[in-house]
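A structural walkthrough
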Amino acid sequence: QIYAEVATGSDTDMLKLIPKLVNKDDFVVLKFDVDPNRYAYGPTMEWGFLFSIMQNPSIAQLLDEVYIELHFNFPTLYWDHYHSNWEALDCIRYLRSQGVIVHAWP
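Bear in mind the structure is a predicted one, so any value in this text is a computation, not a measurement.

Section: the overall build of the protein chain
Scanning the protein chain for helices and strands turns up 4 helices and 3 strands. Listed by position from the N terminus, the elements making up the protein chain come as α-β-α-α-β-α-β. When the 106 residues of the protein chain are sorted by exposure, 35% land in the buried category. Considering only intrachain contacts with a sequence separation of at least 6, the fraction spanning at least 24 residues in the protein chain is 59%. Summed over all atoms, the accessible surface of the protein chain reaches about 6,900 Å², with 55% contributed by carbon and sulfur.

See below:
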């Protein structure tokens, strides 16, 4: 059992664990969903983690597919979040341009 963290820089940080656990020949699928509490407003852990992946192409190259629920401001769903739906699409487009297959929901 491995306990993983995000944005800590520790040995159990996801950005350090991924290259330790997998190599380029592995088929790696990452499912990532963080539901912020209803009082959170601002960048969330999911956005920070994806931004870290975008800044580290060597990590992105190890991920074959990513499933992510990105929270963004969408009043129809009563989502009051910091990021826009256009930022979510830009993030997905960028990761896809790096060769990562990204699936988003909703």
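More follows now that the structure is in view.
Some details on the pattern of salt bridges
On inspection of all chains with the given rule, the structure shows 1 salt bridge. Among the ionic pairs, R93 bridges to D90, the shortest N-O distance being 2.7 Å. Highlighted residues: R93 and D90, both in helix α4 (residues 85-97), separated by 3 residues, approximately one helical turn. When its relative accessible area of 47% is taken as the criterion, R93 is described as partly exposed. Residue class for D90 comes out partly exposed when judged on its relative accessible area of 46%.

Concerning the pairing of strand β1 (residues 29-32)
Taking every second residue as pointing to the same face, the buried face of β1 carries L30 and F32, while none of V29 and K31 on the other face is buried. Note: β1 against strand β2 (residues 65-68), 4 bridges, orientation parallel. Pairing of F32 across the sheet is with I68, part of β2.

Structural notes on the packing of aromatic side chains
Applying the stated criterion across every chain yields a total of 2 aromatic pairs. Relative to F74, the ring of F72 has its centre 5.9 Å away and its plane inclined at 75°; by these criteria the two rings are edge-to-face. By relative accessible area, which is 14% here, F72 ends up buried.

What counts and what doesn't
- Residue indices follow the written sequence of each chain, beginning from 1 at its first position.
- Whole-chain, interface and lining totals are the exception, using all residues; otherwise, since this is a predicted model, local features are given only for residues with pLDDT of at least 70 and side-chain atom pairs are given and counted only at 80 or more.
- Excluding hydrogens and water, the side-chain values take into account all heavy atoms of the structure.
- What counts as a helix is a DSSP run of H or I of at least four residues, what counts as a strand is a run of E of at least two, and both are numbered from the N terminus.
- Partly exposed residues are those whose accessible area sits between 20% and 50% of the maximum for their type, while under 20% is buried and over 50% is exposed, using a 1.4 Å probe and protein chains only.
- By definition, residues are in contact when any of their heavy atoms lie within 4.5 Å.
- Method for areas: the Shrake-Rupley scheme with a 1.4 Å probe, in which residue coverage is limited to the protein chains shown.
- Between Lys or Arg on one side and Asp or Glu on the other, a salt bridge is scored when a side-chain nitrogen of the former is within 4 Å of a carboxyl oxygen of the latter.
- By this definition, two strands are paired if DSSP reports at least two bridges between them.
- Between 30 and 60 degrees the pair is tilted, below 30 it is stacked and above 60 it is edge-to-face, where a pair is any two Phe, Tyr or Trp rings, Trp via its six-membered ring, whose centres lie within 6.5 Å.

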